[in-house]
Amino acid sequence: MPKWINTLAASIAILLPTNAMALEAPKVFQADYKLSFLGFKIAKSTFVSTFSGDTFLLNGSLKAAGLARMFDKTVAQTKVSGRLADESVEPLDYELNYVSGGKAQMTAIRFQKGDVVKTENVPPLKKRGANWVPVGANDLSAVFDPLTATMIRANSPREVCNRTIRAYDGEMRVDLKLRYAGMKPFSTKGFKGDAVRCKAKFEPVAGYRQGRRALDFMKHKSRMEIAFAPVGSSNIYAPITASIGTQVGTLRLYATRFAASN
């Protein structure tokens, strides 16, 4: 699976509560997901968030599953540390260790007050050509890593979709522009209730090659939808299902566990 698809899947698969819901926030929250393509399971992921005072530590894993393991032994381990601010979550350190096609990669991002102050890729990113859209300093302000990017705090389900998600994975900067599409019932381990559906528009911002067909399709033709569910009685929402249209089929994400424990 291409890295940017895995990053996109990861960026719509995690929740971090804020201090505003401290009395109701779980100390530990676990979300498990399966990823399928053309009806076949291709990956599974687990994300566990642990909270202590105003700090958090998030650990996640993703690995190829089902038929995909016959062709690609993709495995990813990721972690984020940060703090809970009055109005938001502030990541401090993000690290991704990623193995695909027998090749290992590491990405580390350091944040300060919502801005990226350092990015490290091992091995270093390759030199890009003239059609490459470089990442500028302005692109790295008020952004989140792929795991904390989809935290949604809202006073009503409709408000969940009234925003643009800004994410940076160490190479590529993308926006996901959300709009309200209605409600739907959903049930999985740890959750049963209504989820809010958001249509999403994919916008590559920087860190990509112009003219790349897969990205052009994602930007102009892809049908994307993310459904968010509330955690307990809080005003924090997290993704519980997602569908992403690609040139060769639809990628689907589904929560198999969405549960908190104290």
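Right above here is the structure, for reference.
As the structure is a prediction and not an experimental result, all values here were calculated from the model. (Residues numbered from 1 in each chain as written. Predicted model: local features only at pLDDT ≥ 70, side-chain atom pairs only at ≥ 80, totals over all residues. Heavy atoms only, no water.)

**Remarks on the state of the cysteines**
All told, the structure shown has one disulfide when counted by the stated rule. Shown here is the disulfide that connects cysteine 161 with cysteine 198, its sulfur atoms set 1.9 Å apart. Classification of the bridge connecting cysteine 161 and cysteine 198 rests on its S-S torsion, roughly -75 degrees, and on that basis the disulfide is left-handed. Separated by 37 residues along the polypeptide, cysteine 161 in the loop between α2 (157-160) and β10 (164-168) and cysteine 198 in strand β12 (residues 191-206) bring together distant segments of the chain. The two residues cysteine 161 and cysteine 198 agree in class, both being buried. (Disulfide = S-S within 2.5 Å. Helix = DSSP H or I, 4+ residues; strand = E, 2+ residues; numbered from the N terminus. Buried < 20%, exposed > 50% of the residue type's maximum accessible area, 1.4 Å probe, protein only.)

**Things to note about the nonpolar core**
Soluble globular proteins tend to bury their nonpolar side chains together. Core analysis: the biggest nonpolar cluster contains 64 residues, and Val160, Leu178, Phe202, Phe228, Ile240 and Phe258 have the highest contact counts within it. Among the elements that line this core, the one with the most residues is β12, at seven residues. (Core = buried A, V, L, I, M, F, W, Y, C linked by side-chain atoms within 4.5 Å.)

**A short note on the pairing of strand β7 (residues 115-122)**
Pairing between strand β6 (residues 103-112) and β7: seven bridges, direction antiparallel. Its bridge partner being in β7, threonine 107 is matched across the sheet by asparagine 121. Counting the residues in the hairpin turn of β6 and β7 gives two residues, including lysine 113, whose phi is positive at 55 degrees. (Pairing = 2+ DSSP bridges.)

**Side note on a positive patch on the surface**
A surface patch of positive charge is lined by Lys34, Lys41, Lys44 and Lys63. Locating lysine 63 in the fold gives a position in strand β3 (residues 55-64). (Patch = residues over 30% accessible without salt bridge, like charges linked within 9 Å, V, L, I, M, F, W, Y side chains within 5 Å. Areas by Shrake-Rupley, 256 points an atom, 1.4 Å probe, with all protein chains shown as cover. Salt bridge = Lys/Arg side-chain N within 4 Å of Asp/Glu carboxyl O. Lys, Arg positive; Asp, Glu negative; His and termini not counted. Charge placed at Lys NZ, Arg CZ, Asp CG, Glu CD.)

Read these as spatial facts, not as claims about activity.
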